[in-house]
Amino acid sequence: MGRGTVSRVINGSSKVSEHTRSAVEAAVVELGYVPNRAARALAANRTDAIALVIPEPEARFFAEPYFSEVVRGVGSALAETEVQLVLTLAGSDRERRRLSQYLSGHRVDGVLLVSVHAGDPLPELLAELGIPTVISGRRSAAEPLPSVDSDNLGGAAEAVSHLLDRGRRAIATITGPLDVYGAQCRLDGYRHALAATGHRADEGLIAVGDFTEEGGRRAMRELLERRPGLDAVFAASDVMAAGARLELRAAGRRIPEDVALVGFDDSVVARHMDPPLTSVRQPIEEMGRTMARVLLARIGGDAGGGAAVVLPNRLVVRESS
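Not measured: the values here are computed from a predicted model. (Residues numbered from 1 in each chain as written. Predicted model: local features only at pLDDT ≥ 70, side-chain atom pairs only at ≥ 80, totals over all residues. Heavy atoms only, no water.)

### Side note on the pairing of strand β1 (residues 49–54)
Every regular strand shows the same layout, with side chains that alternate between the two sheet faces. Stated formally: Three labels apply to residues, based on accessible area from a 1.4 Å probe with only protein chains included: buried if under 20% of the type maximum, exposed if over 50%, partly exposed otherwise in between. Where helices and strands are cited, they refer to DSSP runs of H or I of at least four residues and of E of at least two residues respectively, numbered from the N terminus. In short, DSSP must find at least two bridges between two strands for them to pair.
Where burial is concerned, most of β1 is hidden: 6 out of the 6 residues are buried. Sheet topology note: the β1/strand β2 (residues 84–89) ladder contains 6 bridges and is parallel. Note on β2: the bridge partner recorded for Val53 is Thr88. Of the pairings in the sheet, the one linking β1 to strand β3 (residues 110–114) comprises 4 bridges and is parallel in character. Note that in β3 the partner of Leu52 across the bridge is Leu112.

Structure below.
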């Protein structure tokens, strides 16, 4: 019996007879044979590893619960496989240069990209290298890469509609960085909800943040200076809502009596705030799982699967609004 026949049986090929399969399987049990994963990967021109690349500074990665939930979701999808996960932060120029060298060596079979800003050269580099890639959060409506996202526009619109239903009329928003398409979509959702009820967006009630607590606090300070009569705030992340809460309290504003507050993500931050924060729940862990599954399918040759996946959000109402 040739090595090729044995290999086909071990790799699950259907191109062998039942008699041959039984004979090989019996020999495998008798000899206690264990396949050499490294050799198999080398023969198949595979590394059995994928990279999760987050082009953000280390400080933001550890401060923002969003990222840990993505990692958890990716890990749970890979637990069903023999593929290893390589986590890489690339928030500085030096880290990006090192990452480029690493990826140029084709040390991974594919890449998951999370939190990509407009103009980031990483997606183009991966395309040039021919490395299968899935992106979390499109860079634009015309994103060419396979992507997994949540309904940012719809989630933001639901949050603002909730505030309008509660009788709030001077509704401010703290956006994320507007070179992130998801942040743009959340701002669009804010505008759409106001327009749907005949209200025009007041540009003085819009402040740009950066998805950090300090950024949320700074934006809230600007809003109070410009529009002291505001009665509600929609923050584009829970972490920024936490910063806004600190500034509102410092200004003597009660939540929700004076100012209602809503966040986005429904992270652990929302549940542990005082009062607990109304927030748009993103299925972040499911997004991570879906990204990993789409990437594995593409590595396996399914180039058309999962071109753009958008998962639904839902509003979780708590005492802050």
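After presenting the structure, the write-up continues.
### Re the packing of aromatic side chains
Counted only if it meets this: Aromatic rings from Phe, Tyr and Trp, with only the six-membered ring used for Trp, were paired whenever their centres fell within 6.5 Å, and each pair was classed as stacked if the ring planes differed by under 30 degrees, edge-to-face if by over 60, and tilted otherwise. Two thresholds decide whether a charge sits over a ring: the Lys NZ or Arg CZ must be within 6 Å of the ring centre and within 35 degrees of the ring normal.
Per the counting criterion, the structure on display carries 4 aromatic pairs. Put simply, the rings of Phe61, Phe62, Tyr66 and Phe67 pair up and form one aromatic cluster. The lysine or arginine in question, Arg186, covers the ring of Phe264, its NZ or CZ lying 3.8 Å from the ring centre.

### Let's talk about the packing of helix α5 (residues 65–78) against helix α13 (residues 284–299)
Think of two packed helices as two axes; the pair is described by the angle between the axes and how far apart they sit. Quick reminder of the rule: Simply put, an axis is a line fit to the C-alpha atoms, just over the touching stretch for a helix, and the angle between two N-to-C directions goes from 0 to 180 degrees. Reported orientations rely on four angle classes, namely roughly parallel under 35 degrees, roughly antiparallel over 145, roughly perpendicular from 65 to 115, and oblique for the rest. Should the near helix be turned anticlockwise from the far one by less than a right angle, the crossing is left-handed, and should it be turned clockwise, the crossing is right-handed. We call two residues in contact when some of their heavy atoms are within 4.5 Å. Throughout this entry, Asp, Glu, Lys and Arg are counted as charged residues, while Ala, Val, Leu, Ile, Met, Phe, Trp, Tyr, Cys and Pro are counted as nonpolar. The remaining residues, Gly among them, count as polar.
At a minimum axis separation of 7 Å, α5 and α13 run at an interaxial angle of 45 degrees. When the interaxial angle is binned, α5 and α13 end up oblique. The handedness of the crossing between α5 and α13 comes out as right-handed. Here α5 contributes Tyr66, Glu69, Val70, Arg72, Gly73, Val74, Ser76, Ala77 and Leu78 to the contact with α13, which in turn contributes Ile284, Glu285, Met287, Gly288, Arg289, Ala292, Arg293 and Leu296. Here the residues of the contact of α5 with α13 are counted per class, giving 9 nonpolar, 3 polar and 5 charged.

### A few points about the pairing of strand β10 (residues 278–281)
With 4 bridges connecting them, strand β9 (residues 260–265) and β10 associate as parallel partners. From the neighbouring strand, Phe264 faces β10, where its bridge partner is Val280. Sheet topology note: the β10/strand β12 (residues 314–316) ladder contains 3 bridges and is antiparallel. The partner of Val280 across the bridge, within β12, is Leu315.

### Structural notes on helix α11 (residues 238–250)
As a reminder, the rule being used: Expected span of a helix, by definition, is 1.5 Å for each gap between consecutive residues, and there is one gap fewer than residues.
In a regular helix each residue adds 1.5 Å, so 13 residues correspond to 18 Å; α11 covers 18 Å between its end C-alpha atoms and thus fits that length. Taken across its 13 residues, α11 has 10 buried, putting it largely inside the fold. Within the sequence span of α11, burial applies to Asp238, Val239, Met240, Ala241, Ala242, Gly243, Ala244, Arg245, Glu247 and Leu248. Of the residues one or two after α11, Gly252 is the one with positive phi, at around 80 degrees.

### With respect to the nonpolar core
The line we're drawing: Nine residue types can take part in a nonpolar core, namely buried Ala, Val, Leu, Ile, Met, Phe, Trp, Tyr and Cys, and a core is a set of them joined through side-chain atoms within 4.5 Å.
Residues Ile174, Met220 and Leu230 are the most contacted members of the largest nonpolar core, which totals 45 residues. Taken together, the elements giving at least two residues each to this core come down to α8 (152–165), β6 (171–175), α9 (181–196), β7 (206–208), α10 (213–226), β8 (232–235), α11 and β9. Counting residues per element, this core draws most heavily on α8, at 6 residues. Not counting residues within four places of it along the chain, the set of residues in contact with Met220 comprises Ile174, Leu230, Val233, Ala244, Glu247 and Leu248.

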